[in-house]
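# Per-entry structural report
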Amino acid sequence: MTTEKNYQSSSLPTYARKELRELVRSQLRALLEEGDFKGAKAILHPVQEADIAEAIEGLPETMQVIAFRLLSKDEAIAVYEYLDSSVQQSLCEKFKRQEVIDIVDKMSPDDRAKLFDELPAILVRRLLGELSPTEREATAQLLGYEASTAGRIMTPEYISLKESFTVAQALDRIRSLARTTETIYSLYVTDAGRSLTGILSLRDLVTSPLDKTVGEIMTRDVVSVQTGTNQEEVARLIQRYDFLAVPVVDREQRLVGIITVDDAIDILEQEAAKDIYTLGGVQSGGDNYFQTDLITVARKRVVWLFVLLLTNTVTGAIIRAQEDILNQVVALAAFIPLLTGTGGNVGAQSSTVVIRGLNTDEITAMGPFQVIVREGMAGALLGGILGTVATGWAYTLQGSLEVALAVGVSLFAIAILASIAGSALPFLFRSLGLDPALMSAPFITTAVDVLGVLIYFTLARLILQI
């Protein structure tokens, strides 16, 4: 990526950048349809690699290969790392063998490992065999760690220094390695056994006298992660301390790699997408949802729908069991959707805020009991407001004070129940080692429906004395 390209792109305001991406995508497609490959190549030249990747992803599959071939070799390698995994895999299958090897061999080890996670095993084995010995060793090392851990997503491309180096020697080393490392802004100090002993920022280095040693200016209090640390925990750590990168050490405290802030952003986005899908009752996957075929989409969504279908039959069974009271007071049936819908919404709100608090560690200090009590009190307050309104509305519609009271009191009780259930169940799931996001809005809604109907008819029998 050239300095000129960086300058042109960074000087654009946000709204203009978005318009530029749309313009590039539409013009690129039009030029490719006309067969004007020279014009297509020309419009891509001043554009950022990330924006080129987005433009290519918006093309039909047959055009994606053509557009990618228009890029220079260096640009193609940079753009390839920004592409969605499904597009990367599609291009891999369509390129000639040597083209794939040239691109994959020049990728950074962590991006290459991510790509290999998505490719068929037979293709991964073939590509590994064709890589240069150095790149093959680096990639095999990352693939040897468990998925979604620091070891799997780290890059071994970092700059290490010795405590005995002078500032002048350290600067010389940085100059010689700058083009082959992930970042030069965070520098790591190791001993003869590669154990991490300190950290140093480029700013501290360049502002120190040339004859000072690294040991005199480095920071010995280093925050690091183990190779087996979960990737989301790593991302939260980088976010908490505003790091540009965090070092990764093995069990012997030897420095084996680093994880940079751009990787942390990708992880947080990936985890947020997974939680959002799960909250909506959709099984999440690694691919772009809107680039996934409809059969896979249906398979990801149908599981939860079957679960909800089965649980909803319980609600129907409860209503059928209450036919005697419904025959006597038909008006009660009219308010069932109001009560179950409101209860489900209250429960979904509570589960959403608790799940977010668990993911961001915002509620760690409070503890489960305090959180559940707080949400229960919030449910009581909401239930009081909504119940009062519902009582007045029911009386206006039906003209029966007993029915109106049954609706209002039931709504008050259901709101408390929903808030407690919505806040408690995520904690229960986490204690069982499951993802709290499994306490999704559809699941909470259905559970509250069942219990809410029971509460409604029980209270109605007491108030109406049936």
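The structure contained in this document is the topic of the report that follows.

Cut-offs applied
Residues numbered from 1 in each chain as written. Predicted model: local features only at pLDDT ≥ 70, side-chain atom pairs only at ≥ 80, totals over all residues. Heavy atoms only, no water. Helix = DSSP H or I, 4+ residues; strand = E, 2+ residues; numbered from the N terminus. Buried < 20%, exposed > 50% of the residue type's maximum accessible area, 1.4 Å probe, protein only. Salt bridge = Lys/Arg side-chain N within 4 Å of Asp/Glu carboxyl O. 1 Å grid on protein atoms, 1.4 Å probe; cavity = no way out; pocket = protein on both sides within 12 Å on 5 of 7 lines; lining within 4 Å. Points joined across faces, edges and corners; volume = space filled by probe spheres on them. Nonpolar A, V, L, I, M, F, W, Y, C, P; charged D, E, K, R; others polar. Core = buried A, V, L, I, M, F, W, Y, C linked by side-chain atoms within 4.5 Å. Contact = heavy atoms within 4.5 Å. Pairing = 2+ DSSP bridges. Polar contact = N/O pair within 3.5 Å; in protein donor to acceptor, adjacent residues only side chain to side chain. Axes fitted to C-alpha atoms, helices over the stretch in contact; angles between N-to-C directions. Parallel < 35°, antiparallel > 145°, perpendicular 65-115°, else oblique. Left-handed = near helix turned anticlockwise from the far one by under 90°. Patch = residues over 30% accessible without salt bridge, like charges linked within 9 Å, V, L, I, M, F, W, Y side chains within 5 Å. Areas by Shrake-Rupley, 256 points an atom, 1.4 Å probe, with all protein chains shown as cover.

## Quick look at the environment of L462
Mapped onto the elements of the fold, L462 is located in helix α23 (residues 441-464). A relative accessible area of 60% places L462 in the exposed class. Residues L462 and A406 lie 56 residues apart in sequence; the distance between their C-alpha atoms is 8.7 Å.

## Regarding the pattern of salt bridges
Applying the stated criterion to the full structure yields 14 salt bridges. The partner of E135 in a salt bridge is R112, with the nearest N and O atoms 2.7 Å apart. With a gap of 23 residues between them, E135 in helix α11 (residues 133-143) and R112 in helix α9 (residues 109-118) connect regions that are remote in the sequence. Looking at E135, the relative accessible area reads 16%, which means it is buried. Classification of R112 by relative accessible area gives buried; the value is 0%. In this structure, the salt-bridge partner of R236 is E232, at a minimum N-O distance of 3.6 Å. With R236 and E232 both in helix α16 (residues 231-241) and four residues apart, the pair spans about one turn of that helix. Three or more residues are tied together by salt bridges with common partners; here these are E22, R25 and E54.

## Here's the deal with the layout of surface pockets
In this structure, the second largest pocket spans a volume of roughly 460 Å³. If you trace the second largest pocket, you find 20 residues lining it, with N230, E232, E233, L358 and N359 closest to the centre. Elements that contribute at least two residues to the lining of the second largest pocket include exactly α16, α17 (261-279) and α20 (336-360). A per-class count over the lining of the second largest pocket returns four nonpolar, six polar and ten charged.

## Focus on the nonpolar core
L28, F68, Y80 and F116 are the most contacted members of the largest nonpolar core, which has 40 residues in total. Among all residues touching L28, those that are not within four sequence positions of it are A40, I43, L44, A55, L59 and A67. A390, A404, A406 and L464 belong to the second largest nonpolar core, which has 27 residues in total.

## Observations concerning the sheet that holds strand β2 (residues 186-190)
A sheet is described by the order of its strands in space; here three strands give the open sequence β1-β2-β3, paired in mixed fashion. The open sheet has two edge strands with one neighbour each: β1 (160-161) and β3 (196-201). Judged from the two bridges that link them, β1 and β2 form a sheet pairing that is parallel. The residue of β2 that forms the bridge with L161 is V189.

## A look at the pairing of strand β5 (residues 245-249)
Of all five residues making up β5, five are buried, and the element is well covered by its neighbours. Burial along β5 is two-sided: A245, P247 and V249 facing one way and V246 and V248 facing the other are all buried. Alignment of strand β4 (residues 225-226) against β5, held across two bridges, turns out to be parallel. Bridged to V225 within β5 is V248. Bridge count between β5 and strand β6 (residues 255-260): five bridges; the pairing is antiparallel.

## Observations regarding the pairing of β3
Within a regular strand, side chains alternate between the sheet's two faces. As defined by bridge partners, β2 adjoins β3 across five bridges and the pair is classed as antiparallel. Within β3, the position partnered with L187 by the bridge is L200. Counted between consecutive antiparallel strands, the loop separating β2 from β3 contains five residues, among which R194 sits at a positive phi close to 70 degrees.

## A few points about the side chain of D105
In this structure, D105 sits in helix α8 (residues 97-106). Side-chain polar atoms of D105 contact the backbone nitrogen of S132, separated by 3.0 Å. Each residue touching D105, except ones within four places of it in the same chain, is listed here: R112, L131, S132 and E135.

## Here's the deal with the environment of V346
Mapped onto the fold, V346 is located in helix α20. Sequence separation between V346 and L20 is 326 residues; the distance between their C-alpha atoms is 42 Å. Those residues within four positions of V346 in sequence are excluded, and the remaining contacts are A415, A418 and S419.

## Re the side chain of T183
Among the structural elements, T183 can be located in the loop between α13 (167-177) and β2. Only 3.3 Å separates the side chain of T183 from the backbone nitrogen of Y185, close enough to count as a polar contact.

## Some details on the packing of α9 against α11
Where α9 contacts α11, the axes come no closer than 9 Å and their chain directions differ by 60 degrees. Judged on the interaxial angle alone, α11 and α9 are oblique. Once α9 is placed against α11, the crossing between them reads as right-handed. The residues of α11 that touch α9, namely those facing P109, D110, R112, A113, F116 and D117, are E135, A138, T139, L142 and L143.

## Structural notes on a nonpolar patch on the surface
A contiguous nonpolar patch, built from V302, V303, F306, V307 and L309 and spanning about 400 Å² of accessible area, is present on the exposed surface. Position of L309 relative to the elements: it lies in helix α18 (residues 294-321).

## Brief notes about unusual backbone geometry
In this structure, S148 takes a positive phi of about 65 degrees despite not being glycine. For S148, the position within the fold is in the loop between α11 and α12 (150-153). The partly exposed category is assigned to S148, whose relative accessible area is 35%. Phi angles above zero are rare outside glycine, and D242 is one such case at about 55 degrees. Relative to the elements of secondary structure, D242 occurs in the loop between α16 and β5.

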